[in-house]
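Architecture and fold: a report
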Amino acid sequence: TNLFLQKIIMICSVIVLFVLFVTGKCHTHLADNVEYRPDQCLPGDKHITEPKPEPEDENYVACHQWRDGACCTPEFTQQLATANVTNIDGFHWSRCGVLSRQCQKFFIEIECFYRCSPNVAHFGLFEYESALANLPLCSDYCDRWYEACKNETTCAVNWITDWEYHDDGTNQCKENATCKSYSDVYGSGRGICETLWGRSFIYSNQTSSYPDDERECLLPYFDENGTNPNTVVISNMFELDDDGGATRLNVGFGLMVTVVITTMLSFLMY
């Protein structure tokens, strides 16, 4: 009898795990703050309330990738229309010297992504206005970002917490902080993606070469004349149905079901 029940336990466990595999498709586990939030922008004064198409006028001068539905204001994009962008809303990127053009390009792309992309709201950390966390960036993008900036210098490791902030919002190096190279501070693409902007980003184990409908990492930049590849990625991550509803089975819940079934059947053996 015990042997028979043990076989039942094994069969039930295999069935549940098979269902998880088929319906979950072995998706990367999503962090607790991540949920499907369609047609939303991050809250706070850095974003508008909901994504809107850019008007066909001269006020939007950058971040045109997001023209079909942008969460940023034209005033924000105008800050990027200079030969050397040194600060955004008083937050300075260049406290240890002006960034090179190749490095500055990535900071602009990340800033456009954060301010303008409607895909960011799914990763909002809503206990803090305008914050995000655990957004997976494709590893090859992180690696290119690091290579472009590794010879720059910074006096802050975490660019959210490691500054001295003034009442007007401007940032300065903390007292006794020294300027060190990005290569010493971050050391790799993973280091720069998972450290510079705090918990905002995750270095994905996937690259942008994955097909869009199989990929679960996002790209901050794409050709402004192309379509947003992250739209398909978000659909894949949340397993959206044809009506835009999230159908993805929570892997943690499925494993819990497996444990419960196994435990109940184990009790029957005694």
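Looking at the pattern of salt bridges
- Tallying each qualifying case throughout the model produces eight salt bridges.
- Residue E35 is joined to R37 by a salt bridge in which the shortest nitrogen-to-oxygen separation is 3.6 Å.
- Residue E35 is classed as partly exposed on the basis of its relative accessible area, which comes to 43%.
- Between E194 and R190 there is a salt bridge, and its shortest N-O distance comes to 3.5 Å. Here E194 and its partner R190 are both found in helix α6 (residues 189–195), four residues apart, which amounts to about one turn of the helix.

Some details on the nonpolar core
- Ranked by size, the top nonpolar core spans 57 residues in total, and within it F107, L135, W145, W159, Y182, L196 and W197 carry the most contacts.
- Looking at this core, the elements with two or more residues in it are α3 (101–116), β3 (135–137), α4 (139–149), α6, β8 (201–203) and α7 (230–237).
- Broken down by element, this core gets its largest block of residues, eight residues, from α3.
- Residue contacts for L196: discarding those within four places in its chain leaves F107, W145, V157, N158, W159, I160, Y182, Y186 and G191.

With respect to unusual backbone geometry
- Here C63, not a glycine, exhibits a phi torsion of approximately 60°, which is positive.
- Structurally, the position occupied by C63 is in the loop between α1 (2–24) and α2 (74–78).
- Residue D89 is not a glycine yet carries a positive backbone phi of 55°.
- Of note, D89 is situated in the loop between β1 (87–88) and β2 (91–92).

Looking at the side chain of H64
- The topology assignment puts H64 in the loop between α1 and α2.
- Its relative accessible area of 18% is what places H64 among the buried residues.
- Within polar-contact distance, the side chain of H64 engages the side chain of E54 at 3.2 Å.
- Those residues in contact with H64 that lie beyond four places of it in its chain are E54 and E224.

Rules used throughout
- For every chain, the first residue of its written sequence is number 1, and the numbers climb from 1 along that sequence.
- Reporting of local features is limited, given that this is a predicted model, to residues whose pLDDT is at least 70; pairs of side-chain atoms are given and counted only at 80 or more, and all residues count toward the totals for whole chains, interfaces and linings.
- Water and hydrogen atoms were dropped before computing side-chain values, which therefore reflect all heavy atoms in the structure.
- A pair is scored as a salt bridge if a Lys or Arg side-chain nitrogen falls within 4 Å of a carboxyl oxygen belonging to Asp or Glu.
- Think of it in three bands: residues with accessible area under 20% of the maximum for their type are buried, residues over 50% are exposed, and the middle band is partly exposed, with areas taken using a 1.4 Å probe on protein chains only.
- Helix numbering and strand numbering both begin at the N terminus, where a helix is a DSSP run of H or I of at least 4 residues and a strand a DSSP run of E of at least 2.
- For the purposes of this section, nonpolar cores are sets of buried Ala, Val, Leu, Ile, Met, Phe, Trp, Tyr and Cys residues that join through side-chain atoms within 4.5 Å.
- Any two residues whose heavy atoms approach within 4.5 Å at even a single point are treated as in contact.
- Polar contact criterion, stated in full: a pair of N or O atoms within 3.5 Å, where within protein one must be able to donate a hydrogen and the other to accept it, and residues adjacent in sequence count only if both atoms are side-chain atoms.

Distances and angles like these do not, on their own, reveal function.
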